[in-house]
Amino acid sequence: MSTLVIEGLRASVAGREILTGVDLEVAAGEVHAVMGPNGSGKSTLAHVVAGRGGYDVLGGSVRLDGTELLGMPAWRRAEAGLFLAMQYPTEVPGVSLLDMLTESVCTPEGAAVAERMSEEAARIGFEEKFLERPVNVDLSGGERKRNEALQLGVLGPAFAVIDELDSGLDIDALRFVGARIEDATTHDGLGVLAITHSSRVFDHLRPDTVHVFAGGRIQQSGGPELADELEAEGYERWTGAVPQPDSDAGTTPFTDPFGDPFADLLT
Ligand code: ADP
Ligand code: MG
């Protein structure tokens, strides 16, 4: 059975340590929720696991079925079975979704990719016209999220890190996309690390384990009831107890030129 094991993961960005020792183990078919307040390092965790550049890994390991992923380029991690559904999916002008997925599948079944894309699009209510258009260009936030789910459905990875699935999705879209991913966990043994600041997504994608993430590491783990506690009490207990990275005081505020200008409203 496949497992994704994260041990003692520490990483910094722009000279500041954001991940301070993350330990997590996700088995095939399981959904692990990582819940934490804004700016606690959840997206940093997603990016470091997936292999996005710009982060310094200071220690620890990320193993998929025993294979060390740290040090591999992002595409090799994808080839090993890892998928990242981004919080703010990137536009790729000039490359159609069909071309991107055909290249990614890269096997004799490549010819059937268009057919698989149509099936997946129908399942999550994604308009067919987007399949031949450049990836995410001029798509709304919700359409981009559906696009991520479509890619996950077609590629069929072993593990998916899903960063803030519900941001930008309306109620119906969240139901379709959540149900699609839940189905992959039940029928295809997909393991999921569902990173989120709110439990809205859990109506459709049901977590087996919930982890509280604050101060750059897991502070507590429990069953789904922990998400209800967090919803009722907020994160104050952890953010109060744990020294936070020195907010942005004394440093230049970071603005991601590729980020969503409304990020603060969504995370
Ligand atoms: P979350 O997803 O939990 O809201 P992030 O992982 O996006 O948090 O960010 C954690 C912290 O790291 C924030 O204080 C953020 O401003 C900072 N940060 C993230 N990326 C960068 C970067 N490229 N340069 C500088 N600071 C960054
Ligand atoms: Mg985030």
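Residues numbered from 1 in each chain as written. Chains lettered and ligands numbered in written order. Predicted model: local features only at pLDDT ≥ 70, side-chain atom pairs only at ≥ 80, totals over all residues. Heavy atoms only, no water.

S.K.: I'm lost on the coordination of the magnesium ion (ligand 2) in this one. Help?
M.R.: By definition of the ideal shapes, a tetrahedral metal site with four donors has angles of 109.5 degrees and an octahedral site with six donors has angles of 90 or 180 degrees. In the first shell of the magnesium ion (ligand 2), the protein supplies Ser43 (OG) and Gln87 (OE1), at 2.1 to 2.3 Å from the metal. Of this pair, Ser43 sits in helix H1 (residues 42-50) while Gln87 sits in the loop between strand S6 (82-85) and strand S7 (92-96), and the two are 44 residues apart along the sequence. Gln87 carries the same exposure label as Ser43, and that label is buried. (Donors = N, O, S within 2.8 Å, 3.2 Å for Na, K, Ca; no water. Helix = DSSP H or I, 4+ residues; strand = E, 2+ residues; numbered from the N terminus. Buried < 20%, exposed > 50% of the residue type's maximum accessible area, 1.4 Å probe, protein only.)

S.K.: Help me out: how do you make sense of the pattern of salt bridges in this one?
M.R.: It is possible for side chains of opposite charge to pair when their charged atoms get near one another. Scanning the model with the defined rule gives 13 salt bridges in all. Here Asp183 ties to Arg180 by a salt bridge, and the two come within 3.8 Å at their closest N and O atoms. Taken together, the positions of Asp183 and Arg180, both in helix H6 (residues 171-187) and 3 residues apart, correspond to about one turn of that helix. Under the relative-accessibility criterion, Asp183 is labelled partly exposed at 22%. Under the relative-accessibility criterion, Arg180 is labelled buried at 8%. Salt bridges linked by common partners bring Arg116, Glu119, Glu120, Arg123, Arg180 and Asp183 together as one network. (Salt bridge = Lys/Arg side-chain N within 4 Å of Asp/Glu carboxyl O.)

S.K.: Even after reading the chapter, I still don't get the nonpolar core, so can you show me in this structure?
M.R.: Among soluble globular proteins, nonpolar side chains are generally buried collectively. Phe126 and Leu150 are the most contacted members of the largest nonpolar core, which totals 44 residues. The leading source of residues in this core is H6, at 5 residues. In contact with Leu150, other than residues within four places in its own chain, are Leu97, Leu101, Met117, Glu120, Ala121, Ile124, Phe126 and Leu131. The next biggest cluster of nonpolar side chains, apart from the first, holds 25 residues, and it includes Val22, Ala46, Leu64 and Leu82. (Core = buried A, V, L, I, M, F, W, Y, C linked by side-chain atoms within 4.5 Å. Contact = heavy atoms within 4.5 Å.)

S.K.: Sorry, what's going on with the packing of aromatic side chains here?
M.R.: Both the distance between ring centres and the angle between the ring planes are used here to describe each pair of aromatic rings. What the rule picks out here adds up to 1 aromatic pair. Each ring, one from Phe126 and one from Phe130, has its centre 5.2 Å from the other, and the planes form 40°; the classification is tilted. There is no split in this pair, since Phe126 and Phe130 are both buried. Here Arg175 stacks its cationic end above the ring of Phe176, 5.9 Å away from the centre of that ring. (Phe/Tyr/Trp six-rings, centres within 6.5 Å; stacked < 30°, edge-to-face > 60°. Lys NZ or Arg CZ within 6 Å of the ring centre and 35° of its normal.)

S.K.: In this structure, what is going on with helix H4 (residues 113-124)? I would like to understand it.
M.R.: Here H4 spans 17 Å end to end across 12 residues, near enough to the 16 Å set by a 1.5 Å rise per residue. What H4 keeps buried is the set Val113, Met117, Glu120, Ala121 and Ile124. Along the axis of H4, the buried positions cluster into a sector of 105°, meaning they face one direction only. Facing away from the buried side of H4, by more than 90 degrees, are the exposed residues Glu115 and Ala122. Residue Gly125 follows H4 closely and has a positive phi angle near 65°. (Expected span 1.5 Å × (residues − 1). Arc of directions from axis to C-beta.)

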